[in-house]
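Chains, contacts and geometry: an overview
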Amino acid sequence: MATFHTFQRIFNSSFQFYGLSDWLLELMPDNVNLNHSNNKQPSNGWVFRRHNARSKFTCPNCTELNSHSSSKSRKISSWSSAFTTILFRARLDQSHNGQLIGRIQMKIFEQGCQTCNMYSTGVLEEKEIKKTFYRLYLWILKTFYNVRLVDNDDDQDEPRRQEHIQQTKISHDSSRCDGCRLGWCKALYTNRNK
Ligand SMILES: [Zn+2]
Ligand SMILES: [Zn+2]
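Described in the following lines is the structure provided in the data block. Just so it is clear, the model here is predicted, and its values are computed rather than measured. (Residues numbered from 1 in each chain as written. Chains lettered and ligands numbered in written order. Predicted model: local features only at pLDDT ≥ 70, side-chain atom pairs only at ≥ 80, totals over all residues. Heavy atoms only, no water.)

**Let's talk about the side chain of Asp178**
- Relative to the elements of secondary structure, Asp178 occurs in helix α5 (residues 178-181).
- By relative accessible area, which is 15% here, Asp178 ends up buried.
- For Asp178, the side chain forms a polar contact with the side chain of Arg181, separated by 3.1 Å.
- Leaving out residues up to four positions away in the same chain, Asp178 has contacts with Phe109, Glu110 and Tyr119. (Helix = DSSP H or I, 4+ residues; strand = E, 2+ residues; numbered from the N terminus. Buried < 20%, exposed > 50% of the residue type's maximum accessible area, 1.4 Å probe, protein only. Polar contact = N/O pair within 3.5 Å; in protein donor to acceptor, adjacent residues only side chain to side chain. Contact = heavy atoms within 4.5 Å.)

**Quick notes on the coordination of the zinc ion (ligand 2)**
- Taken together, the protein donors to the zinc ion (ligand 2) comprise His172 (NE2), Cys177 (SG), Cys180 (SG) and Cys185 (SG), at separations of 2.1 to 2.3 Å.
- Around the zinc ion (ligand 2), the 4 donor atoms are arranged such that angles at the metal cover 105 to 118°; this shape is classified as tetrahedral. (Donors = N, O, S within 2.8 Å, 3.2 Å for Na, K, Ca; no water. Tetrahedral: all angles 85-135°; square planar, octahedral: opposite > 155°, others 65-115°.)

**Considering the coordination of the zinc ion (ligand 1)**
- Listed as protein donors to the zinc ion (ligand 1) are Cys59 (SG), Cys62 (SG), Cys113 (SG) and Cys116 (SG); their distances from the metal cover 2.3 Å.
- The site at the zinc ion (ligand 1) holds 4 donor atoms, and with the angles between them running 101 to 113°, its shape is tetrahedral.
- Site description for the zinc ion (ligand 1): donor spacing in sequence, C-x2-C-x50-C-x2-C. One end of the pair, Cys59, is in the loop between β2 (47-58) and α2 (60-68); the other, Cys116, is in the loop between β5 (111-112) and β6 (119-120), and 57 residues separate them in sequence.
- Accessibility expressed as a relative area gives 0% for Cys59, which makes it buried.

**Digging into the pattern of salt bridges**
- Under the criterion given, the structure shown has 8 salt bridges.
- The salt bridge partner of Asp93 is Arg91, with a shortest N-O separation of 3.2 Å.
- Given a relative accessible area of 23%, Asp93 falls into the partly exposed group.
- The shortest N-O distance in the salt bridge between Lys131 and Glu128 comes to 3.9 Å. Of this pair, Lys131 and Glu128 both sit in helix α3 (residues 126-145), 3 residues apart, roughly one helical turn. (Salt bridge = Lys/Arg side-chain N within 4 Å of Asp/Glu carboxyl O.)

So yeah, pure geometry; function would need other evidence.
Right, here's the structure in full:
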């Protein structure tokens, strides 16, 4: 994930500001089984949380073709997704000297290009990343410290107008979404509740 250091920088400043500077952000290791059905209960101290965000995708494959060839094969494939799934798992450990160290690992699920089928990661705007970590902070407080700052932090999304949900539902390509494939994507639950 090319943008991980951006996430890490914003995470560090946000969590320092929130007074949770003993929490670290890491990339999700590749060997973790991310299937939703395997992770409904905490295991080994890890608790999972799905966050739904907005991002913009630009297919690197189609963009590359475009820059290396003549104008006749010009095709740029990009799309916005209101169902960009970010999966977090978090664990609080005690070190030898009794200090608590929290670890948060994250994975942004990829989506496939409708032109060439190549999968890539969406890019989040900085304010969207900040919002993501604010919601994560509320969840960490609730999950590991039993502190609730706001009543309604179970779902991370602000209330949206119905017609907007209708629009995004139509445009989400579940067959090319890793979040859908692994059972986490919010689009799955939005459709089911219809
Ligand atoms: Zn493509
Ligand atoms: Zn999806």
